Amino acid sequence: MKILIATIILTMTSAMAIECTATKGSKTDRGYNTLTEKLKLLDGFDSKYEAEIEDGYFTFTKNDDGLYSAKIIMAPDYTSGVSTLANFDAKGEF
């Protein structure tokens, strides 16, 4: 049995730069495997980041209303996943 765990870890530094890291983990009969990748800022955008790890698509975007949208969408059809709207707290964490 395979269990899939996908997360986006987001922090904001004091200079207001956003650092996004996607982590995908899976548990198999042989143990636990974790893959991590930094989300990259898309060309032409000032606040849209994305990464793809195996069959997981990770995206982080600042919306027009000032809230941030974080989404994790899974293959094969990219119609199932998790989406959240939030803002950074006083410590700069999402």
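You'll find the structure just up there.
Residues numbered from 1 in each chain as written. Predicted model: local features only at pLDDT ≥ 70, side-chain atom pairs only at ≥ 80, totals over all residues. Heavy atoms only, no water.

Draft legend 1. Examining the sheet that holds strand β6 (residues 56–62) more closely. What the 5 strands build is an open sheet, ordered β4-β5-β6-β7-β8; its pairing is antiparallel. If you trace the sheet from one side to the other, it starts and ends with β4 (40–41) and β8 (80–86), each paired once. Sheet topology places β4 next to strand β5 (residues 48–53); 2 bridges connect them, and they run antiparallel. The residue bridging L41 from the neighbouring strand is Y49, located in β5. (Pairing = 2+ DSSP bridges. Helix = DSSP H or I, 4+ residues; strand = E, 2+ residues; numbered from the N terminus.)

Draft legend 2. Inspection of the packing of aromatic side chains at higher detail. One pass over the full model with this rule turns up 6 aromatic pairs. Taking the centre distance of 6.4 Å and the plane angle of 45° together, the rings of Y49 and F60 count as tilted. Highlighted residues: Y49 in strand β5 and F60 in strand β6, separated in sequence by 11 residues. The same class applies to Y49 and to F60, which are both buried. Counting every residue linked through ring pairs, the aromatic cluster contains Y49, F60, Y68, F88 and F94. (Phe/Tyr/Trp six-rings, centres within 6.5 Å; stacked < 30°, edge-to-face > 60°. Buried < 20%, exposed > 50% of the residue type's maximum accessible area, 1.4 Å probe, protein only.)

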